[in-house]
Amino acid sequence: MTSANIDIARTYFQAVQTGDMAALGGLLDADIVWHQPGANQFSGEHKGQGAVFQMLGSMMETSRGTFAIDKIHTLMGNGDLVTATIHFTGRRDNASMSMDGVDLLRIENGKIAEMWLFSADPASEDAFWG
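Below is a short write-up of the structure.

**Re the overall build of the protein**
Part 1: The secondary structure content of the protein amounts to 4 helices and 6 strands.
Part 2: Listing every helix and strand of the protein by position from the N terminus yields α-α-β-β-α-β-β-β-β-α.
Part 3: Computed over the C-alpha atoms, the radius of gyration of the protein is 14 Å, within 12% of the 14 Å expected from 2.2 N^0.38 for a compact globule of 130 residues.
Part 4: By its C-alpha atoms, the protein is 45 × 30 × 25 Å across when sized along the principal axes.
Part 5: Counting over 130 residues, the protein shows a buried share of 40%.
Part 6: Taking all contacts inside the protein whose residues are at least 6 apart in sequence as the whole, residues at least 24 apart take part in 47%.
Part 7: Taken as a whole, the protein presents about 6,500 Å² of accessible surface, with 51% of it coming from carbon and sulfur.

What follows is the structure, given as structure tokens:
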């Protein structure tokens, strides 16, 4: 089970990096619960694919299409949980962000049912997103 879940996570990150929204839709559970960290306009709990896609679209709009996970360092699994150590970036106006993070995915029945995100520098991420 763990290796299959790592493969699902790997496919998810590839879809994010290439902007393959159809693949993302097939990987996210219809009732996904997404826990976005921080104290910014995107922070909080987002429930359902529609809410998650709306948030991600707004992030791309706010960053003028520059927000990206540019590196996936390590994928590790433990049963239904997969964690990824990543690096992400974004630019807008005169602001930029570049930091490490950890994404924790809970996979159920072959779909990502829940997602928690962690940032190395939450204050900088909050300042970037506003």
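And the narrative resumes.
**Side note on helix α1 (residues 2-18)**
Part 1: Here α1 is 17 residues long and its end C-alpha atoms lie 24 Å apart, about the 24 Å a rise of 1.5 Å per residue gives.
Part 2: Along α1, the positions that sit buried rather than exposed are Asn5, Ile6, Ile8, Ala9, Tyr12, Phe13 and Ala15.
Part 3: In this structure, the buried side of α1 is in contact with α2 (21-27), β1 (28-36), β3 (68-78), β4 (81-92), β5 (95-108) and β6 (111-119).
Part 4: One or two residues past the end of α1 sits Gly19, with phi positive at roughly 70°.

**Details of the pairing of β5**
Part 1: Of the pairings in the sheet, the one linking β4 to β5 comprises 12 bridges and is antiparallel in character. Across the sheet, residue Gly90 finds its bridge partner in β5, namely Met97.
Part 2: Of the strand pairs in this sheet, β5 and β6 are connected by 8 bridges, and their pairing is antiparallel. Note on β6: the bridge partner recorded for Glu108 is Lys111.
Part 3: Counting the residues that bridge the hairpin from β5 to β6 gives 2 residues, and of these Asn109 lies at a positive phi of roughly 55°.

**A short note on the nonpolar core**
Part 1: Tyr12, Phe13, Trp34, Leu105 and Ile112 are the most contacted members of the largest nonpolar core, which totals 32 residues.
Part 2: Counting residues per element, this core draws most heavily on α1, at 6 residues.
Part 3: In contact with Leu105, not counting residues within four places along its chain, are Ala9, Tyr12, Phe13, Asp80, Leu81, Val82, Ile112, Glu114 and Met115.

**Overview of the packing of aromatic side chains**
Part 1: Under the counting rule described, the total for this entry stands at 5 aromatic pairs.
Part 2: Ring geometry for Phe67 and Phe88: centres 6.1 Å apart, planes at 65°, overall edge-to-face. Placement of Phe67 in the loop between α3 (49-62) and β3 and of Phe88 in strand β4 is noted, with a sequence separation of 21 residues between them.
Part 3: Between Phe67 and Trp129, the aromatic rings sit 5.4 Å apart at their centres with planes inclined by 65°, giving edge-to-face as the arrangement. Taken together, the positions of Phe67 in the loop between α3 and β3 and Trp129 in helix α4 (residues 122-129) put the pair 62 residues apart, joining distant regions of the chain.
Part 4: Above the ring of Phe128, the side-chain terminus of Arg92 is found at 5.6 Å from the ring centroid.

**Observations regarding unusual backbone geometry**
Part 1: Positive phi values are uncommon outside glycine, yet Arg64 reaches one of about 55°.
Part 2: The residue Arg64 is located in the loop between α3 and β3 in this model.

Conventions used here
Residues numbered from 1 in each chain as written. Predicted model: local features only at pLDDT ≥ 70, side-chain atom pairs only at ≥ 80, totals over all residues. Heavy atoms only, no water. Helix = DSSP H or I, 4+ residues; strand = E, 2+ residues; numbered from the N terminus. Rg over C-alpha atoms; globule rule 2.2 N^0.38 Å. Buried < 20%, exposed > 50% of the residue type's maximum accessible area, 1.4 Å probe, protein only. Contact = heavy atoms within 4.5 Å. Areas by Shrake-Rupley, 256 points an atom, 1.4 Å probe, with all protein chains shown as cover. Expected span 1.5 Å × (residues − 1). Pairing = 2+ DSSP bridges. Core = buried A, V, L, I, M, F, W, Y, C linked by side-chain atoms within 4.5 Å. Phe/Tyr/Trp six-rings, centres within 6.5 Å; stacked < 30°, edge-to-face > 60°. Lys NZ or Arg CZ within 6 Å of the ring centre and 35° of its normal.

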